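Each chain, letter by letter, is given below.
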Amino acid sequence: MKKGQILTGMVEKVDFPNKGVVITEEGQCIVKNVLPGQKVTFMVQKKRNGRAEGRLIRVEEPSALETKSPCAHFGECGGCSYLSLPYEEQIRIKEEQVKKLLTGVLDKQEGEWKFEGIKPSPVCEAYRNKMEFSFGDAYKDGPLALGMHKRGSFYDIVTVNDCRIVDQDYRKILSLTRDYFDGVSFYHRLRHEGYLRHLLVRKAAKTGEILIALVTTSQVDAQMKNCCGEAPKTDPMQGNEICPGEEEFLQQWKDKLLNLNLTGRITGVLHIVNDSVADVIQSDRTDILYGQDYFYEELLGLKFKISTFSFFQTNSLGAEVLYETAREYVGDLGGGTDRDAPDKVVFDLYSGTGTIAQLMAPVARKVIGVEIVEEAVEAARKNAELNGLHNCEFIAGDVLKVLDEIEEKPDMIILDPPRDGVHPKALKKIIGYGIDKLVYISCKPTSLARDLEVFLENGYEVKKAVAVDQFPWTTGIETVCLLTYKEK
């Protein structure tokens, strides 16, 4: 097998997240974006230490497992990988992926552990409560597109006006916005020029409330400047320049949104200015065009106020399954029943908007949540007050630093870190508490496996683990683990 060689083979399996193992007469090669059972043609791109990686050219024969995709964008859009597979087959693949990764680590521990399989999402279509759409073009110098990145492309955008992981309200908002701004420049990430960047839409599954944010640069498009013929003026409060043409253009867009026939209710329309070179959604300035900059969602009997940048699980109904599972595992931390835990101090690390902390509050003396995003911490405090929970404390800061500042010692720790897992130095401090048991919730099983190795090296072992599907049709998967300190 040589670099540049074009080969054809059969996909034997797919390892997390989307690494297909393709078997050929020349050996095996890792090829992304394939499905088990497909016959594919690929080009070898890398060969090092007996391991080869290739780029998919085309699918020669579909897998016997595949069915017709319900989405017109499948294959072109890079958002979903398993869309042509029955849901039962999707979760079987994910279950095998998680079990393989955990087994590779946990077979080294002395004590037995139990893998409890996978819990499916309660809904498979229209499950997402948040989407970040990008402006761009489908090909160089093509018409304005608004949607997701093309599969395998860093620049090209597919207008996903028939996306199936969101409901029709998202599709209506996307289509109206793309059509309204047609002809307005989008931000070119190489030239750092242009106006339109992203469209952020969030909708609560339980309350139906919708928050919409248009993200642009401050480089007002000529088409908008000429809209009213007035010269720019300076905002006396913030000191920034305001273009009357832009203001009028955005107000008309907002009015059209409010006239849409939606199943949900728009509670806020925002204009966010972001001049960062990085391709991320952040705010240099936020203007409220209508309503408010937050909405409410309900989860397991609690109410949560969610702002523009607050972290919240993207599958509300799936999150209930995930957090019920975590609460069940936490019950074991008190000795088997919730009644054993009323005097306990619980650390909820990487707490987001405080969802887990508030679910634990009724069975603990005190819950301390730590989160680096200040906006999320503020929302968590308000949510606890909203739900009448007075034993929750939320601290804004990096877990690595905040742990040195907290005087209380935890009886329980719940970890729900971002995709890259726990910082190695923070992990060392967490292990240093020497608590009997802790629960680790992971959205990336490879980083979970890496962190579990460190726990095993420092006296912990895993008692049980379960996968929870929050992201149907995609490669994403959550995992919950219960760890115990074996020396105790």
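Details of the structure are given in the entry above.
Because the structure is predicted, anything quoted here is derived from the model rather than measured.

Is there a simple way to explain the overall build of the protein in this structure?
Secondary structure summary: the protein contains ten helices and 24 strands in total. Rg of the C-alpha trace for the protein: 24 Å, near the compact-globule value of 23 Å for 488 residues, within the 12% margin. A total of 488 residues make up the protein; the buried ones form 54% of that total. Considering only contacts in the protein between residues 6 or more positions apart, those separated by 24 or more positions represent 63%. Roughly 21900 Å² of accessible area belongs to the protein as shown, and the carbon and sulfur atoms make up 47% of that amount. Taken together, the 63 basic and 74 acidic charged side chains of the protein have centroids lying 4 Å from each other.

It is not clear to me how empty space enclosed by the protein should be interpreted in this structure. Could you clarify?
Once rolled over the atoms, a probe with the size of a water molecule shows which space is left empty. Summed over the entire model, instances satisfying the criterion amount to two cavities of 30 Å³ or more. The volume enclosed by the largest cavity comes to roughly 60 Å³. Along its surface, the largest cavity is lined by F311, F312, Y323, D348, Y350, S351, G352, T353, T355, I356 and D416. Classifying every residue of the lining of the largest cavity gives five nonpolar, four polar and two charged.

Before we go on, may I ask you to explain the sheet that holds strand β7 (residues 130-137) in this structure?
Strand pairing in a sheet is mediated by backbone hydrogen bonds. Such pairs are either parallel or antiparallel. In space, the seven strands of this open sheet follow the order β9-β8-β7-β10-β11-β14-β15, with mixed pairing throughout. Unpaired on one side and paired on the other, β9 (157-159) and β15 (285-291) mark the two borders of the sheet. In this sheet, neighbouring strand axes are inclined to one another by 35 degrees on average, regardless of whether the strands run parallel or antiparallel. Here seven bridges tie strand β10 (residues 196-203) to strand β11 (residues 209-216), and the two strands are oriented antiparallel to one another. Note that in β11 the partner of V201 across the bridge is I212. Against the sheet, helix α2 (residues 168-180) engages β7, β8 (144-149), β9, β10 and β11, with an angle of about 155 degrees to β10.

Could you clarify how one ought to interpret the layout of surface pockets in this entry?
Each pocket or cavity is described by its volume, and for the second largest pocket that value is around 390 Å³. As for the second largest pocket, its lining consists of 21 residues, of which D137, Y155, F186, H188 and R189 are closest to the centre. When contributions to the lining of the second largest pocket are tallied by element, the ones reaching two or more residues are β7 and β10. Per-element tally for the lining of the second largest pocket: the top contributor is β7, with four residues. Split into classes, the residues belonging to the lining of the second largest pocket amount to eight nonpolar, five polar and eight charged.

Any chance you could explain the sheet that holds strand β19 (residues 366-371) here in plain terms?
The mixed open sheet is built from eight strands, whose spatial order is β6-β23-β24-β22-β21-β18-β19-β20. For this open sheet the edge positions go to β6 (114-119) and β20 (392-396), each flanked by a neighbour on one side alone. With direction set aside, neighbouring strand axes in the sheet form an average angle of 15 degrees. Here strand β23 (residues 460-468) pairs with strand β24 (residues 478-485) via eight bridges, running antiparallel. Paired with V468 across the bridge in β24 is E478. Sitting on the sheet, helix α1 (residues 87-106) is in contact with β6, β23 and β24, with an inclination near 155 degrees to β6.

Just checking my understanding: could you explain the pattern of salt bridges for this structure?
When the charged atoms of two side chains with opposite charge come close together, those side chains can pair. Applying the stated criterion across every chain yields a total of 28 salt bridges. Across the salt bridge formed by E209 and R265, the nearest N and O atoms sit 3.1 Å from each other. Placement of the pair is E209 in strand β11 and R265 in strand β14 (residues 265-273), with a sequence separation of 56 residues. E328 is the partner of K464 in a salt bridge, and the nearest nitrogen-oxygen pair spans 3.9 Å. Taken together, the positions of K464 in strand β23 and E328 in helix α5 (residues 316-331) put the pair 136 residues apart, joining distant regions of the chain. In this structure E328 comes out as partly exposed when scored by relative accessible area, which is 40%.

What's the story with the packing of aromatic side chains in this structure? I'm lost.
Each pair of aromatic rings is reported with the distance of its centres and the angle of its planes. Under the criterion given, the structure shown has ten aromatic pairs. Ring geometry for F304 and F312: centres 5.9 Å apart, planes at 55 degrees, overall tilted. Assigned by exposure class, F304 and F312 land together as buried. Site record: aromatic cluster; members linked through ring pairs are Y180, F181, F249 and W253. The ring centre of Y187 lies 4.2 Å from the NZ or CZ of R197, which sits over that ring.

Whenever I open this one, a nonpolar patch on the surface confuses me. Can you help?
The grouping of F154, Y155 and L190 at the surface amounts to a nonpolar patch, some 360 Å² of accessible area in total. You can see Y155 is positioned in the loop between β8 and β9.

Would you take a moment to explain the side chain of S442 for this structure?
When you line up the elements, S442 lands in strand β22 (residues 437-442). Those residues in contact with S442 that lie beyond four places of it in its chain are S447, L448, I477, E478 and T479.

It is not clear to me how the state of the cysteines should be interpreted in this structure. Could you clarify?
By definition, a disulfide is the covalent link that joins the sulfur atoms of two cysteine residues. A full pass over the atoms with the stated rule returns zero disulfides. Looking at the unpaired C443, the closest cysteine sulfur is the one in C481, lying at 13 Å. On the basis of relative accessible area, C481 is assigned to the buried category, the value being 0%.

I tried to follow the pairing of strand β21 (residues 412-415) on my own but got confused; where do I start?
Consecutive side chains of a regular strand alternate in pointing toward one face of the sheet and then the other. Burial along β21 is two-sided: the face carrying M412 and I414 and the face carrying I413 and L415 are both buried. Of the pairings in the sheet, the one linking strand β18 (residues 345-349) to β21 comprises four bridges and is parallel in character. Looking at the pairing, V346 lines up with M412 of β21. Two elements, β21 and β22, share three bridges in a ladder whose sense is parallel.

Rules used throughout
- Residues numbered from 1 in each chain as written.
- Predicted model: local features only at pLDDT ≥ 70, side-chain atom pairs only at ≥ 80, totals over all residues.
- Heavy atoms only, no water.
- Helix = DSSP H or I, 4+ residues; strand = E, 2+ residues; numbered from the N terminus.
- Rg over C-alpha atoms; globule rule 2.2 N^0.38 Å.
- Buried < 20%, exposed > 50% of the residue type's maximum accessible area, 1.4 Å probe, protein only.
- Contact = heavy atoms within 4.5 Å.
- Areas by Shrake-Rupley, 256 points an atom, 1.4 Å probe, with all protein chains shown as cover.
- Lys, Arg positive; Asp, Glu negative; His and termini not counted.
- Charge placed at Lys NZ, Arg CZ, Asp CG, Glu CD.
- 1 Å grid on protein atoms, 1.4 Å probe; cavity = no way out; pocket = protein on both sides within 12 Å on 5 of 7 lines; lining within 4 Å.
- Points joined across faces, edges and corners; volume = space filled by probe spheres on them.
- Nonpolar A, V, L, I, M, F, W, Y, C, P; charged D, E, K, R; others polar.
- Pairing = 2+ DSSP bridges.
- Axes fitted to C-alpha atoms, helices over the stretch in contact; angles between N-to-C directions.
- Salt bridge = Lys/Arg side-chain N within 4 Å of Asp/Glu carboxyl O.
- Phe/Tyr/Trp six-rings, centres within 6.5 Å; stacked < 30°, edge-to-face > 60°.
- Lys NZ or Arg CZ within 6 Å of the ring centre and 35° of its normal.
- Patch = residues over 30% accessible without salt bridge, like charges linked within 9 Å, V, L, I, M, F, W, Y side chains within 5 Å.
- Disulfide = S-S within 2.5 Å.

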